[in-house]
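# Summary of structural features
Now for the letters of each chain:
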Amino acid sequence: MAGMRGKQTVRGMFQSMAVILAAAGVIYLFVPHDENADPIKPVDYSVELVTAQRAAPYPVLSPKGLPADWRPTSVSYERQSGNAWHLGYLTPDREYVAVEQSTAAPVKYIDEVTHGARETGAVREVAGQRWQRFEGPKYDALVLREKGVTTVVAGTAGEKRLAEMAAALRPGAAPTPAPAGPSPTAKAPGA
């Protein structure tokens, strides 16, 4: 009798598993999913930009006029960490470019945000400013040291893309919102 009970328990377990797998398969079939969808969602950094502009003791830079295929992916402002402003972007080539600004000690800050990139001695003129070239195992960078603030444009992108970002930087530039269609409650003129 004990042998029968063991067989019934194992058989019941397999039957339960079959029911669960069938239910999971049905749910999978009816839940919409797009394998080709891009998992990277752009962020709206307008609130963080305004906050940083009010709090930072330097002109906070953000890009103005970048093509729409540059997508903002990360943003932060940390007052306790040397008034550090961070704005990360994904380029059209799917490379990473970040704008970093801080009042922290330049040597340590540059090393931190570039992940150990070293100064090459080369200079790149961008929008009338002389940016120092840095190269590293993870990120390359363009660095602008000004009184009271260090600005770093760093990432996996090549020097051309880094310079493109540096050229687009403006104090107080607000992100350009994506064009929106009419709202569902909007009425047509004359309606």
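Please refer to the structure placed before this passage.
Secondary structure summary: the chain contains 4 helices and 9 strands in total. Along the chain, helices (α) and strands (β) appear in the sequence α-α-β-β-β-β-α-β-β-β-β-α-β when read from the amino end. Evaluated residue by residue, the chain yields a buried proportion of 32% over its 191 residues. Of the contacts made within the chain by residues no fewer than 6 positions apart, 49% connect residues no fewer than 24 positions apart.

What follows covers the packing of aromatic side chains. Applying the stated rule across the entire model yields 3 aromatic pairs. Ring geometry for Tyr45 versus Tyr89: centroids 6.3 Å apart, planes at 75°, classification edge-to-face. You can see Tyr45 sitting in the loop between helix H1 (2-30) and helix H2 (46-55) and its partner Tyr89 sitting in strand S3 (residues 84-90), a full 44 residues away along the chain. Clustering of aromatic rings is evident, with ring pairs tying together Tyr45, Trp70 and Tyr89.

Time to look at the pattern of salt bridges. Under the defined criterion, the tally for this structure stands at 7 salt bridges. Two residues, Arg124 and Glu159, come together in a salt bridge whose shortest N-O distance is 3.2 Å. Taken together, the residues Arg124 in strand S5 (residues 118-126) and Glu159 in helix H4 (residues 159-168) connect sequence positions 35 residues apart. The salt bridge partner of Glu164 is Arg161, with a shortest N-O separation of 2.9 Å. Separated by 3 residues within a single helix, Glu164 and Arg161 lie in helix H4, roughly one turn from each other. Overall, the relative accessible area of 26% leaves Glu164 in the partly exposed class.

Strand order in the open sheet formed by 7 strands is S2-S3-S4-S8-S7-S6-S5, with antiparallel pairing between adjacent strands. Because the sheet does not close on itself, it has two edges, and the strands there are strand S2 (71-78) and S5. Across this sheet, the average inter-strand angle for adjacent strands is 20°, counted without regard to direction. Relative to the sheet, helix H3 (residues 106-113) contacts S3, strand S4 (96-102), S5, strand S6 (129-135), strand S7 (140-146) and strand S8 (149-155), its axis offset from that of S8 by approximately 20°.

Criteria and thresholds
Residues numbered from 1 in each chain as written. Predicted model: local features only at pLDDT ≥ 70, side-chain atom pairs only at ≥ 80, totals over all residues. Heavy atoms only, no water. Helix = DSSP H or I, 4+ residues; strand = E, 2+ residues; numbered from the N terminus. Buried < 20%, exposed > 50% of the residue type's maximum accessible area, 1.4 Å probe, protein only. Contact = heavy atoms within 4.5 Å. Phe/Tyr/Trp six-rings, centres within 6.5 Å; stacked < 30°, edge-to-face > 60°. Salt bridge = Lys/Arg side-chain N within 4 Å of Asp/Glu carboxyl O. Pairing = 2+ DSSP bridges. Axes fitted to C-alpha atoms, helices over the stretch in contact; angles between N-to-C directions.

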